[in-house]
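What follows is the residue order along each chain.
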Amino acid sequence: MSITVGKYTFSAWLRRGIGRSINETDTLGASDGTVKERSTVPVDVAVNAQPVHKEFALLGPGDVLGVNKDAVVRTEPHDWVTDFEPNYLAFIEFYDEDLVWRFTPARAAGDRLRPWLALAVLEEDSADHQGEFTRNDKRLPLPSITVQTTAVLPPYSQTWAWAHVHTNDSFPQETDFEKFLESLETPDDPNADRIICRLTSPRHLEPNTPYGAFVVPAFETGRLAGLGQDPKDVSAQKPAWTDAAGSLELPVLYSWRFRTGENEDFESMVKRLEPRPADSRVGIRDMDGELPGWGLTVGTDIGQILPADEKQTVIGLEGALKAPTTKARPLAIDVTRPFFGQLAEVLNFPEERRNNPATDDLPVVEPPIYGEYHAQQHTIDPTRDGWVDDLNRDPRNRVPAGFGVSVVRENQESYVARAWAQVQKVFEANRLIRLAAYAMRASEAVYVNLAATFAPEKAIAFFSPLLRKIRGSPATLQHLLTTSTLPPAAVSGAMRRLVRPRGAVARRVAVGDGAFTHGLLVKGLAAGTLTAAPPKEPAGDLATDTASVAQLPPSTTASSSDWWIRHRWLLLAIVLLAFAALALVTGAWLSLLIVAAVLVAAFIALDAWARAHP
């Protein structure tokens, strides 16, 4: 019997996707960094052959307002446990292996990367002392806790040390671990259940103390967003707390409660064990074989137990568990004693009768040879080695074998039903194997009779609808096509419909080039000998809308100001007559004369400007 030892792999952090391209490195609490609110990643693209660089902001702690409870695999201790070992550490496990680093607004500094979450374990109120926090479940958008002092929180610059990835397997080479991580990208891959991430609290627990465990944001942007405040203009890497003493309010993303016990751990219970010497009679009992039956005339005298002048037929029947001082009775068997010869005659008689049938056909009833059908051995020889002979010659072994036969006999219906259930699984496995073999043969026939007859350019055009479902490496053929020199549009559905052999476009092209096919088009584009035609440029002497508009004379539509300038003399005469009439009526000749002089001066200036700008 072999013992399988558990093998595990631990990683300091794990990140997937675009988060691995973040610009700024994690300062590990030494500073707040230079980026505000959200981390950024560089993106460089070419637009019309012109390079374009952009810095895109990613979601960060300030954009998360909760953790789905289904993402939590386990908490240690469980919620409302009242006897947790005080010398253990509390922790929480998440199913998504990269969850605790997914929104960290920085890239790793070597092998260190702070998680965007932290686990705070705080003492609750009890009869002995006041708790370390107060809870506000009415706070929006998240409930919150207010700690009396930040000294009870995990060290903000060491949060990277209290989160890790746990994999239930070992990997001899780094490439093996990389292949394992690549397999996680496949939906419903069974490897996804072998890896989790764990967030641990460094809090040393006290015995017989109630605690509350809280998953809180580790960065200030997440803390402010969870409290309903705007994290704008806050440094992305600023921690949610520092070493500065004082109270602090933190939003709660997930929480549970527990209480520690005292001397409840495995070590304490082992120390309470008191070894006691076991009696030598433990695990063995007397079995009297003076009258074995079945025609045996001697008892179970199988070895030296007592002085030679006393009975030897009382032997020791041993159990599965015995005291260290228990001794077998007898210590060794003597196969030359008469008991073994008579036992062999009785057990071997049915096989002798089958080989030498008698005149009468009466049935033969004899003790069984245990295991004879499994070993295909229907006789025993006490002097011979082998498990069948060892089992059947010693009465101390035949008794437990008989017990086993009784158990099988009593539960034979259940055992047979289970056996057929196992056979049914074999039938189902064979059915799947036959279907897989049929699919492979069918695929082989399609390839040999169809795909193998195509040139590469014709094959990729013909099978283009399947490229997204076939792997050419860890990536699909569609991805390889996208990164190649061949434009994906060349084998798209629209292009295949456009250049189908009996289509209108193909017939027109065949007039000029009878050898044209879709395959040649794909081959030329992939080799670079064909390119898409550039936009047509009109001839220089061709009349176009733009050229016609440029040759039009300027607009001659007169504005209202032009009309007043052209009729400035008439306007002056009307104004002077109006002033004269007003002077006759009011008698204010002096005032009106001054105003008229100002108007005349303005008219002279306007007339000079109009003459200079005809």
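As a reminder, the structure under discussion sits directly above these lines.
Residues numbered from 1 in each chain as written. Predicted model: local features only at pLDDT ≥ 70, side-chain atom pairs only at ≥ 80, totals over all residues. Heavy atoms only, no water.

Undergrad: If you had to explain the overall build of the protein to someone new, which residues and values would you point to?
TA: Scanning the protein from terminus to terminus reveals 17 helices and 16 strands. For the protein, the C-alpha radius of gyration of 48 Å lies well beyond 25 Å, the compact-globule estimate for 614 residues. Within the protein, buried positions represent 33% of all 614 residues. Across the protein, the fraction of contacts at a sequence separation of at least 24, relative to all contacts at a separation of at least 6, is 68%. With an accessible surface of roughly 40000 Å², the protein has 58% of that area assigned to carbon and sulfur atoms. Distance between charge centroids for the protein: 10 Å, based on 62 positive and 75 negative side chains. (Helix = DSSP H or I, 4+ residues; strand = E, 2+ residues; numbered from the N terminus. Rg over C-alpha atoms; globule rule 2.2 N^0.38 Å. Buried < 20%, exposed > 50% of the residue type's maximum accessible area, 1.4 Å probe, protein only. Contact = heavy atoms within 4.5 Å. Areas by Shrake-Rupley, 256 points an atom, 1.4 Å probe, with all protein chains shown as cover. Lys, Arg positive; Asp, Glu negative; His and termini not counted. Charge placed at Lys NZ, Arg CZ, Asp CG, Glu CD.)

Undergrad: Can you break down the pattern of salt bridges residue by residue, with the values?
TA: Counted under the stated rule, the structure contains 29 salt bridges. A salt bridge links arginine 38 to glutamate 37, with the nearest nitrogen and oxygen atoms 3.2 Å apart. Of the residues examined, arginine 38 reaches a relative accessible area of 27% and is grouped as partly exposed. In this structure, arginine 198 engages glutamate 93 in a salt bridge whose closest nitrogen and oxygen atoms are separated by 2.7 Å. Of this pair, arginine 198 sits in strand E11 (residues 195–200) while glutamate 93 sits in strand E6 (residues 91–94), placing them 105 residues apart in sequence. Comparing arginine 198 with glutamate 93 shows no difference in burial state: the two are buried. Taken together, the shared-partner salt bridges connect Arg16, Asp96, Glu97, Asp98, Arg102 and Glu185 into one network. (Salt bridge = Lys/Arg side-chain N within 4 Å of Asp/Glu carboxyl O.)

Undergrad: I'd like a description of the side chain of glutamine 237, backed by residues and values.
TA: With respect to the helices, strands and loops of the structure, glutamine 237 is situated in the loop between helix H2 (220–226) and strand E13 (248–251). With a relative accessible area of 0%, glutamine 237 lands in the buried category. Within the structure, glutamine 237 has its side chain in polar contact with the side chain of glutamate 24 (distance 3.0 Å). (Polar contact = N/O pair within 3.5 Å; in protein donor to acceptor, adjacent residues only side chain to side chain.)

Undergrad: Just give me the short version of the sheet that holds strand E1 (residues 9–11), but keep the residues and values in it.
TA: If you walk across this open sheet you meet the 5 strands as E1-E10-E11-E6-E4, and the pairing is antiparallel. Edge positions in the sheet fall to E1 and strand E4 (72–76), since each of these pairs with one other strand and no more. Strand-to-strand twist in this sheet, taken as the mean axis angle between neighbours without regard to direction, amounts to 25°. The pairing of strand E10 (residues 163–167) with E11 spans 5 bridges and is antiparallel. Paired with histidine 166 across the strands is isoleucine 196, a residue of E11. (Pairing = 2+ DSSP bridges. Axes fitted to C-alpha atoms, helices over the stretch in contact; angles between N-to-C directions.)

Undergrad: Just give me the short version of the sheet that holds strand E9 (residues 144–147), but keep the residues and values in it.
TA: Spatially, the 3 strands line up as an open sheet ordered E8-E9-E13, and their pairing is antiparallel. With one partner strand each, in any of the chains shown, strand E8 (133–136) and E13 form the two edges of the open sheet. Averaged over all neighbouring strand pairs, the angle between strand axes comes to 25°, with direction disregarded. Inspection of the sheet shows E9 paired to E13 by 4 bridges, in the antiparallel sense.

Undergrad: Lay out the packing of aromatic side chains with the relevant residues and their values.
TA: On inspection of all chains with the given rule, the structure shows 11 aromatic pairs. Aromatic side chains phenylalanine 177 and phenylalanine 180 sit 6.4 Å apart centroid to centroid with 10° between the ring planes, which places their arrangement in the stacked category. In this pair, phenylalanine 177 and phenylalanine 180 both sit in helix H1 (residues 174–183), 3 residues apart, roughly one turn of the helix. Accessibility assignment for this pair places phenylalanine 177 and phenylalanine 180 in one class, buried. When the centroid spacing of 5.7 Å and the interplanar angle of 20° are considered together, the rings of tyrosine 211 and phenylalanine 258 count as stacked. On the criterion of sequence distance, the pair formed by tyrosine 211 in strand E12 (residues 210–217) and phenylalanine 258 in strand E14 (residues 254–260) is long-range, its members being 47 residues apart. The pair formed by tyrosine 211 and phenylalanine 258 is uniform in burial state, with each residue classed as buried. Here the aromatic cluster, defined as three or more aromatic residues joined through ring pairs, consists of Phe84, Tyr88, Tyr211 and Phe258. For the cation-ring pair, arginine 198 lies above phenylalanine 91, with the distance from its terminal atom to the ring centre recorded as 5.3 Å. (Phe/Tyr/Trp six-rings, centres within 6.5 Å; stacked < 30°, edge-to-face > 60°. Lys NZ or Arg CZ within 6 Å of the ring centre and 35° of its normal.)

That's the geometry; what it means functionally is another story.
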